[in-house]
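Each chain, written out:
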Amino acid sequence: MAERNVSDAEALIAARARNVLPAGGFGNVTFDVVIREGRGGRVWDESGNEYLDFLLGSGPMLVGHAHPDVTAAVQAQVARGSTFFVNNELGVQLAEEIVAAVPCAEKVRYLSSGSEATFYAMRLARAHRGRGKIMKFEGGFHGMSDYALMSMAPARPGNFPQAAPDTAGIPDSVRDEILIAPFNDAETAVSLIREHQDELAGVIVEPLQRMIPPEPGFLEALRDATRECGMALIFDEVVTGFRFAYGGAQELYGVVPDICALGKVIGGGYPLAAVAGGDDFMKYFDAAEVGAENAVKQIGTLSGNPVAAAAGLATLQILKRDGAYDDLFAAGRQFMDGLTALFAKHGLAAQVLGEPPMFDILFTDAPVTDYRGAAQSDGAKLKLFNDQVLAGGLLKGDNKFYVSTAHTGADIAEALDICDRAVAAVAAT
Ligand SMILES: Cc1ncc(COP(=O)(O)O)c(C=O)c1O
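Small disclaimer: the values here were computed from a predicted structure and weren't measured.

K.L.:
Would you mind going over the overall build of the chain in detail, with residue names and values included?
P.N.:
On a plain count of helices and strands, the chain comes out with 15 helices and 14 strands. Compactness check: the chain gives a C-alpha radius of gyration of 22 Å against a globular reference of 22 Å for 429 residues, within 12% of the reference. Seen through its C-alpha atoms, the chain measures out along the principal axes to roughly 60 × 55 × 50 Å. Looking at the chain alone, contacts between residues at least 24 apart form 70% of all its contacts between residues at least 6 apart. Roughly 18300 Å² of accessible area belongs to the chain as shown, and the carbon and sulfur atoms make up 51% of that amount. Across the chain, the 35 positively charged side chains and the 55 negatively charged ones have centroids separated by 3 Å.

K.L.:
Quick rundown of the pattern of salt bridges? Include the residues and the values.
P.N.:
Evaluation of the coordinates by the stated rule reveals 20 salt bridges. Close ionic contact of R223 with D258 constitutes a salt bridge, the shortest N to O distance being 2.9 Å. Here R223 is found in helix 7 (residues 218-229), whereas its partner D258 is found in the loop between helix 8 (249-253) and strand 9 (259-262), with 35 residues between them in sequence. Note on accessibility: R223 and D258 belong to one class, buried. The network of salt bridges with common partners includes R42, E50, D411 and E414.

K.L.:
I'd like a description of the sheet that holds strand 13 (residues 394-396), backed by residues and values.
P.N.:
Pairing within the open sheet is mixed, and its four strands lie in the order 1-2-3-13. Of all the strands in the sheet, the pair left with one neighbour each is strand 1 (35-39) and strand 13. Here the strands of the sheet are splayed against their neighbours by 35 degrees on average, with no regard to which way each runs. Where strand 3 (residues 50-54) and strand 13 come together, three bridges link them in parallel fashion. The residue bridging L52 from the neighbouring strand is L394, located in strand 13. Contacting strand 3 and strand 13, helix 14 (residues 379-392) runs over the sheet at an angle of about 135 degrees to strand 13. Strand contacts of helix 15 (residues 409-427): strand 2 (42-45), strand 3 and strand 13, with the helix running at about 105 degrees to strand 3, the strand carrying the most contacts.

K.L.:
Before we move on, could you go through the layout of surface pockets and cite the residues and values that matter?
P.N.:
In this structure, the second largest pocket occupies an estimated 430 Å³ of space. In terms of lining residues, the second largest pocket is bounded by 15 residues, among which N87, R109, Y110, S303 and G304 are the most central. At the level of elements, helix 3 (89-101) and strand 4 (107-111) are the ones that each hand at least two residues to the lining of the second largest pocket. Among the residues making up the lining of the second largest pocket, the classes are represented as seven nonpolar, seven polar and one charged.

K.L.:
Which residues make up the packing of aromatic side chains, and what values do they have?
P.N.:
Summed over all chains, the structure comprises 15 aromatic pairs. Measuring from centroid to centroid gives 4.9 Å for F335 and F401, while their planes differ by 65 degrees, and the two rings are edge-to-face. Taken together, the positions of F335 in helix 12 (residues 324-346) and F401 in strand 14 (residues 401-402) put the pair 66 residues apart, joining distant regions of the chain. Since its relative accessible area comes to 0%, F335 is described here as buried. Cluster of aromatic residues (ring-pair linked, three or more members): F54, F335, F343, F359, F363, F385 and F401. Over the ring of F401 we find K396; its NZ or CZ atom is 4.9 Å from the centre of that ring.

K.L.:
Account for the site of the ligand, naming residues and giving values.
P.N.:
As a matter of local geometry, the ligand sits amid S113, G114, S115, F141, H142, G143, E206, R210, D236, V238, V239 and K264. Interatomic distance of 2.7 Å between a side-chain N/O atom of D236 and a nitrogen atom of the ligand. Within the complex, the protein chains bury 80% of what would otherwise be the 390 Å² of accessible surface of the ligand. Grouping the amino acids of the shell around the ligand by side-chain chemistry returns three nonpolar, five polar and four charged.

K.L.:
Lay out the confidence of the model for the chain with the relevant residues and their values.
P.N.:
In regions of low pLDDT, the predicted coordinates are not meant to be interpreted in detail. For the chain, per-residue confidence averages 97 on the pLDDT scale, and 100% of positions sit at 70 or higher. For the chain, helix 5 (residues 172-175) is the element with the lowest average pLDDT, namely 96, and strand 8 (residues 232-236) is the one with the highest, namely 99.

Conventions we followed
- Residues numbered from 1 in each chain as written.
- Predicted model: local features only at pLDDT ≥ 70, side-chain atom pairs only at ≥ 80, totals over all residues.
- Heavy atoms only, no water.
- Helix = DSSP H or I, 4+ residues; strand = E, 2+ residues; numbered from the N terminus.
- Rg over C-alpha atoms; globule rule 2.2 N^0.38 Å.
- Contact = heavy atoms within 4.5 Å.
- Areas by Shrake-Rupley, 256 points an atom, 1.4 Å probe, with all protein chains shown as cover.
- Lys, Arg positive; Asp, Glu negative; His and termini not counted.
- Charge placed at Lys NZ, Arg CZ, Asp CG, Glu CD.
- Salt bridge = Lys/Arg side-chain N within 4 Å of Asp/Glu carboxyl O.
- Buried < 20%, exposed > 50% of the residue type's maximum accessible area, 1.4 Å probe, protein only.
- Pairing = 2+ DSSP bridges.
- Axes fitted to C-alpha atoms, helices over the stretch in contact; angles between N-to-C directions.
- 1 Å grid on protein atoms, 1.4 Å probe; cavity = no way out; pocket = protein on both sides within 12 Å on 5 of 7 lines; lining within 4 Å.
- Points joined across faces, edges and corners; volume = space filled by probe spheres on them.
- Nonpolar A, V, L, I, M, F, W, Y, C, P; charged D, E, K, R; others polar.
- Phe/Tyr/Trp six-rings, centres within 6.5 Å; stacked < 30°, edge-to-face > 60°.
- Lys NZ or Arg CZ within 6 Å of the ring centre and 35° of its normal.
- Near = heavy atom within 4 Å.
- Polar contact = N/O pair within 3.5 Å; in protein donor to acceptor, adjacent residues only side chain to side chain.
- pLDDT = per-residue confidence, 0-100.

What follows is the structure in structure tokens.
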């Protein structure tokens, strides 16, 4: 089995981290690596090991690390001040770009993280309908708020629509505010929406849940049922926004929600996120329009931060170039097809699930359409695969490959060589 080479200097930083950080880390990944720098589609650790980077900062670095255009835009703004709390032109310009790109977006409200974006999207839905409950899907991830961390990864799936908290520290009462439905089961989801319409404010969904694509007709059924019942349909596009298409998953799948949560790519690697939606919903952020008693309160110290807006705008300019998404999808497809071929070569029951800009592998050959199906896959094999690719010089998340526009066909071929050895190691167990 391959092992990562760790220098004394990197080991010392990891030891210092254990002194001052709970569990010795930032809480984001299970593996122990200290990254020193990144350029394009690669990063280097403090031991000097080079990695093909398919973690990409967990998604934001869609155009690669330290892209010269993004760096120049950030440096120009940093020299003019970092944050002002009041409007700045770059923040206005980025909102104009989001409104022009994202089908559901007529107005934009900035936040600093994806967790805040989904949190305020849900609050907006409640203010709009004057009801308290939100429906989400089992296995769906919407960040870290008390409302989002319900039945995201239940150890023992319960009966729908009963929610189960995913973390300690959530008040008992919150569980009753969230209804859980099975992803990709349009019939059950629609009947729950109709049955609970008097108490529901809206439905929140990842259009592609983790790496599970929507079955044909599923998102359309949610769209129709929420519209019929007068409640908000919220797409969590924190991952998919500007990654699956310039207009996000709502463009790729052709279903337009009322509200969407955006993050990651729009900040170009800096802390910036947003709620975007139609005027009928976004007006609840405006007390002058709906009255103070009906309005959603929302203030954030760094909202619309000009450095992050500069990085986001520069990133979007790169994505607007001819062929950017064609190349991204071609690289991702090459990777997905190559992995599938490796499983056949080594005789392993495994599959690749997702869309070319973002996918993962599941060690099962049974069809996977929801959380319970994904939970049947062999997690120990995935962990071994992940450890082996890391040792071989490929960085990925515990449950995701993110592809960037900086990755070339040659990079993908190199990545597949690393994966070949990792799949062989898994097959040998
Ligand atoms: C679908 C989805 N929603 C929300 C979030 C939370 O975003 P953040 O980590 O910026 O709070 C994430 C983070 O990965 C996500 O994948």
